[in-house]
Amino acid sequence: MTNGQFFKWNIITNVCMALSINTAATLLAGGDTFAGWVTGCCCAFTVNTVAAILLPVGRIGEWFAQGLLKASPGQALEFLARNFIINAIYVTIVSFCMALLHMGFVPGLFGIWMETYVQLHIVGFLTSLMIEKPVAYVAGHLS
């Protein structure tokens, strides 16, 4: 993947992930105003994009799936395991940052964050499985 394709892939993927995970988080929290939801999506997108640039999450996912689990590229196990670990990293970073932004450093922050973590990981994991191939295709074909 060229740098240009990575940039396009990163932007499209992070828009999709921010929309799905922030929507789930908003619903799990009991709803919000439209402005609050948009702000949450923008924050989630920004955190995801910075994390994608700074962290070798793709390589970590490949190591987990291919190195640790010995799954061959293209196998269902490799696809599932790689997406699972990549999603776990991103959801951990984004959901904690969002909890911190909304709550601040308060007693019980960890418990509050954990109340929705599993649900958000599931939403993110399913979203990542659904969008991986289409986003890679679109990013590779955008001029």
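Structure shown above.
So, a few notes on the structure that sits alongside this text. Please read all numbers here as calculations on a predicted model, not as lab measurements. (Residues numbered from 1 in each chain as written. Predicted model: local features only at pLDDT ≥ 70, side-chain atom pairs only at ≥ 80, totals over all residues. Heavy atoms only, no water.)

Looking now at the pattern of salt bridges. Where side chains of opposite charge bring their charged atoms close, a pairing between them can arise. Across all of its chains, the model carries two salt bridges by this definition. A salt bridge links Glu132 to Arg82; the shortest N-O distance between them is 2.8 Å. Of this pair, Glu132 sits in helix α5 (residues 109–141) while Arg82 is found in helix α4 (residues 76–103), placing the two residues 50 residues apart along the sequence. The class of Arg82 is buried, set by a relative accessible area of 13%. Each of Glu78, Arg82 and Glu132 takes part in one network of salt bridges that share partners. (Salt bridge = Lys/Arg side-chain N within 4 Å of Asp/Glu carboxyl O. Helix = DSSP H or I, 4+ residues; strand = E, 2+ residues; numbered from the N terminus. Buried < 20%, exposed > 50% of the residue type's maximum accessible area, 1.4 Å probe, protein only.)

Further remarks concern the side chain of Ser128. Inspection of the secondary structure assignment puts Ser128 in helix α5. On the accessibility criterion, Ser128 (10% relative accessible area) is buried. Once residues lying within four places of it in the same chain are set aside, the contact partners of Ser128 are Met17, Asn83 and Asn87. (Contact = heavy atoms within 4.5 Å.)

With that settled, the discussion passes to a nonpolar patch on the surface. A surface patch of nonpolar side chains, about 470 Å² in accessible area, is lined by Phe6, Val50, Ile53, Leu54 and Leu55. The greatest single-element share of the nonpolar patch, amounting to three residues, is contributed by helix α2 (residues 34–54). As for its position among the elements, Val50 is in helix α2. (Patch = residues over 30% accessible without salt bridge, like charges linked within 9 Å, V, L, I, M, F, W, Y side chains within 5 Å. Areas by Shrake-Rupley, 256 points an atom, 1.4 Å probe, with all protein chains shown as cover.)

Let us now look at the environment of Cys42. Secondary-structure assignment places Cys42 in helix α2. Distance from Cys42 to Thr23, taken between C-alpha atoms, is 12 Å for residues 19 residues apart in sequence.

What follows concerns the side chain of Arg82. There is a polar contact of 2.6 Å between the side chain of Arg82 and the side chain of Glu78. A polar contact is formed between the side chain of Arg82 and the side chain of Glu132, at a distance of 2.8 Å. Once residues within four sequence positions are removed from consideration, Arg82 is found in contact with Gly61, Glu62, Ala65 and Glu132. (Polar contact = N/O pair within 3.5 Å; in protein donor to acceptor, adjacent residues only side chain to side chain.)

What follows covers the layout of surface pockets. Gaps left between atoms show up when a probe the size of a water molecule is rolled over them. In this structure, the largest pocket spans a volume of roughly 750 Å³. Looking at the largest pocket, it is lined by 29 residues, and the ones nearest its centre are Phe6, Trp9, Gly58, Arg82 and Ile86. Elements represented by at least two residues in the lining of the largest pocket include exactly α1 (3–28), α2, α3 (57–68), α4 and α5. Of the residues contributing to the lining of the largest pocket, the split by class is 15 nonpolar, nine polar and five charged. Computed from the structure, the second largest pocket encloses a volume of approximately 500 Å³. Lining the second largest pocket are 22 residues, and of these Ala25, Ala29, Met98, His102 and Thr116 lie nearest its centre. Elements with a contribution of two residues or more to the lining of the second largest pocket: α1, α2, α4 and α5. Top contributing element to the lining of the second largest pocket by residue count: α4, with six residues. (1 Å grid on protein atoms, 1.4 Å probe; cavity = no way out; pocket = protein on both sides within 12 Å on 5 of 7 lines; lining within 4 Å. Points joined across faces, edges and corners; volume = space filled by probe spheres on them. Nonpolar A, V, L, I, M, F, W, Y, C, P; charged D, E, K, R; others polar.)

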